[in-house]
Amino acid sequence: PVLPIEVKNIGNLPVELLQKPYVLSSTDIVIPVNKTSKELYIIGNTSMPKGYPVECDYGDKVAEYIIEYADGGEDRFVAVNGEDLTTATMLHGSSRINPVASNCIRAITFSYDKNFEWYLVNVKKIEVNSERKIKNIRIHSLDSSYNLLIYGITAVV
């Protein structure tokens, strides 16, 4: 789903989102950060066409967020269906659904045609070591049949 407008903030969190999300399936995405931060916000955390709760099970491990520090160390966080990820669509067939990820905030909902298309964007907050400089964030797919959608990442200093 392509965002229908340019998004410059989510609440009071400044962002600069891709209107067309990066789709991660069998390749990694590496986002340079090169700064210290106390929190990272990963914006997207949805999938299409399959995803929880429609075609995947709660608790499936789908992706890994790897925080790579400038000192060579790293922190790893596994993204799990129903906790960190949901399907991007709020419709299944002709029925409306309410996909919820317990460790995320639903930040954006939008539609192109209110009768046939409803989409959502989740935000996952990850607390990181604010005393270590983050070199990159690497997002790694654990399931090549799963298409993870990422619209952006914001680092809070």
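Structure first, text after, so check above.
Rules and cut-offs
Residues numbered from 1 in each chain as written. Predicted model: local features only at pLDDT ≥ 70, side-chain atom pairs only at ≥ 80, totals over all residues. Heavy atoms only, no water. Pairing = 2+ DSSP bridges. Helix = DSSP H or I, 4+ residues; strand = E, 2+ residues; numbered from the N terminus. Axes fitted to C-alpha atoms, helices over the stretch in contact; angles between N-to-C directions. Core = buried A, V, L, I, M, F, W, Y, C linked by side-chain atoms within 4.5 Å. Buried < 20%, exposed > 50% of the residue type's maximum accessible area, 1.4 Å probe, protein only. Contact = heavy atoms within 4.5 Å.

1. A look at the sheet that holds strand S7 (residues 74-80)
Turning to step 1, where the next piece is worked out: Judged by pairing direction, the sheet is antiparallel, and its four strands sit side by side in the order S4-S13-S6-S7 without closing on themselves. The open sheet has two free edges, formed respectively by strand S4 (29-35) and S7, since each of these has just one partner strand. Shown here is a sheet whose adjacent strand axes are inclined to one another by a mean of 15 degrees, direction ignored.
Turning to step 2, where the next piece is worked out: Judged from the seven bridges that link them, strand S6 (residues 61-69) and strand S13 (residues 134-141) form a sheet pairing that is antiparallel.

2. Here we look at the nonpolar core
Turning to step 1, where the next piece is worked out: The biggest cluster of nonpolar side chains holds 21 residues, and the ones touching the most others in it are Tyr65, Ile67, Leu85, Val128, Ile134, Ile139 and Leu148.
Turning to step 2, where the next piece is worked out: Those elements that provide at least two residues to this core are S4, strand S5 (39-47), S6, S13 and strand S14 (148-156).
Turning to step 3, where the next piece is worked out: Of all the elements, S6 adds the most residues to this core, at five residues.
Turning to step 4, where the next piece is worked out: Once residues lying within four places of it in the same chain are set aside, the contact partners of Leu85 are Asn45, Thr46, Tyr52, Val62, Tyr65, Ala79, Val80, Ala101, Tyr146 and Leu148.
Turning to step 5, where the next piece is worked out: If you look at the next biggest cluster of nonpolar residues, it comprises 15 residues, including Leu3, Val15, Tyr119 and Tyr151.

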